[in-house]
Every structure is written in structure tokens, then in C-alpha cells.
Amino acid sequence: MWTVIYIAPTAKIADNIKKRLTEEGFLVKVRSVNLSKQQYEILVPSGELEEVQEVFNSIMRP
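Reference entry: report on the structure contained in this document. (Residues numbered from 1 in each chain as written. Predicted model: local features only at pLDDT ≥ 70, side-chain atom pairs only at ≥ 80, totals over all residues. Heavy atoms only, no water.)

**What about the packing of aromatic side chains?**
Here is step 1: If you walk through the whole model with that rule in mind, you get 1 aromatic pair.
Here is step 2: Centroid distance Tyr6 to Phe56: 5.3 Å. Interplanar angle 50°. Geometry classified as tilted. Taken together, the residues span a long stretch of sequence, with Tyr6 in strand E1 (residues 2-8) and Phe56 in helix H2 (residues 49-60) at a distance of 50 residues.
Here is step 3: Residue Tyr6 is classed as partly exposed on the basis of its relative accessible area of 25%. (Phe/Tyr/Trp six-rings, centres within 6.5 Å; stacked < 30°, edge-to-face > 60°. Helix = DSSP H or I, 4+ residues; strand = E, 2+ residues; numbered from the N terminus. Buried < 20%, exposed > 50% of the residue type's maximum accessible area, 1.4 Å probe, protein only.)

Right, here's the structure in full:
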């Protein structure tokens with residue numbers, strides 16, 4: 001099961017987050033939410049949620 005951890009406002013931001021989390025060894029999916037608004041969900045496996053959140057927080061707030 002996949003869980004949304006963030007909704008990115010642009011594809012570039014979504015791709016950057018995916019790249020950083022993947023480099024840390026996590027599985028990551030990016031899914032378009034709404035083509036007219038161009039928002040992108042960042043999804044991770046539910047079982048890795050706590051670990052991903054710690055890394056994600058360090059990426060977003062260095």
C-alpha cells in the first residue's frame with residue numbers, strides 16, 4: 001500500500017524529491033493529481049513511512 005507524503009506544486013520539485021529519496025534507498029512514486037493545476041503526489045510504501053518522513057523533513061528543511 002502506498003501513502004502520500006507530499007503534494008508538489010511542479011513536476012520539477014516532484015522529480016527532485018523523488019531523486020533525493022531514491023538516493024536514500026526508498027521506493028518512491030510520483031503521480032499527477034490534476035492536470036489543470038499540475039500538482040504531483042509523492043507516494044511511498046506505508047511500511048517505510050516513518051523512516052521516509054525523517055529523511056523528507058531533512059530534505060525540505062536543511
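**So, H2**
Here is step 1: Relative to the 16 Å expected for 12 residues at 1.5 Å per residue, H2 spans 16 Å between its end C-alpha atoms, a close match to the ideal helical length.
Here is step 2: Those residues of H2 that are buried lie in contact with E1, helix H1 (11-23) and strand E3 (39-45). (Expected span 1.5 Å × (residues − 1). Contact = heavy atoms within 4.5 Å.)

**Examining the sheet that holds E1**
Here is step 1: On the basis of which strands lie adjacent, the open sheet formed by 3 strands has the order E1-E3-E2 and antiparallel pairing. In this open sheet, the two edge strands, each paired with only one partner strand, are E1 and strand E2 (29-34). Neighbour-to-neighbour, the strand axes of this sheet turn through a mean angle of 35°, independent of strand direction.
Here is step 2: With 6 bridges connecting them, E1 and E3 associate as antiparallel partners. Considered in E3, the bridge of Trp2 is made with Pro45.
Here is step 3: The sheet contacts of H1 involve E1, E2 and E3, and relative to E3 the element is tilted by about 15°. (Pairing = 2+ DSSP bridges. Axes fitted to C-alpha atoms, helices over the stretch in contact; angles between N-to-C directions.)

**Overview of the pattern of salt bridges**
Here is step 1: Throughout the structure, instances matching the rule amount to 2 salt bridges.
Here is step 2: Between Glu23 and Lys19 there is a salt bridge; the shortest N-O distance is 3.8 Å. Of the two residues, Glu23 and Lys19 both sit in helix H1, 4 residues apart, roughly one turn of that helix.
Here is step 3: One salt bridge connects Arg31 with Glu41, and the closest N-O pair in it is separated by 2.5 Å. Residue Arg31 is found in strand E2, and its partner Glu41 is found in strand E3; the two are separated by 10 residues along the sequence.
Here is step 4: Looking at Arg31, the relative accessible area reads 45%, which means it is partly exposed. (Salt bridge = Lys/Arg side-chain N within 4 Å of Asp/Glu carboxyl O.)

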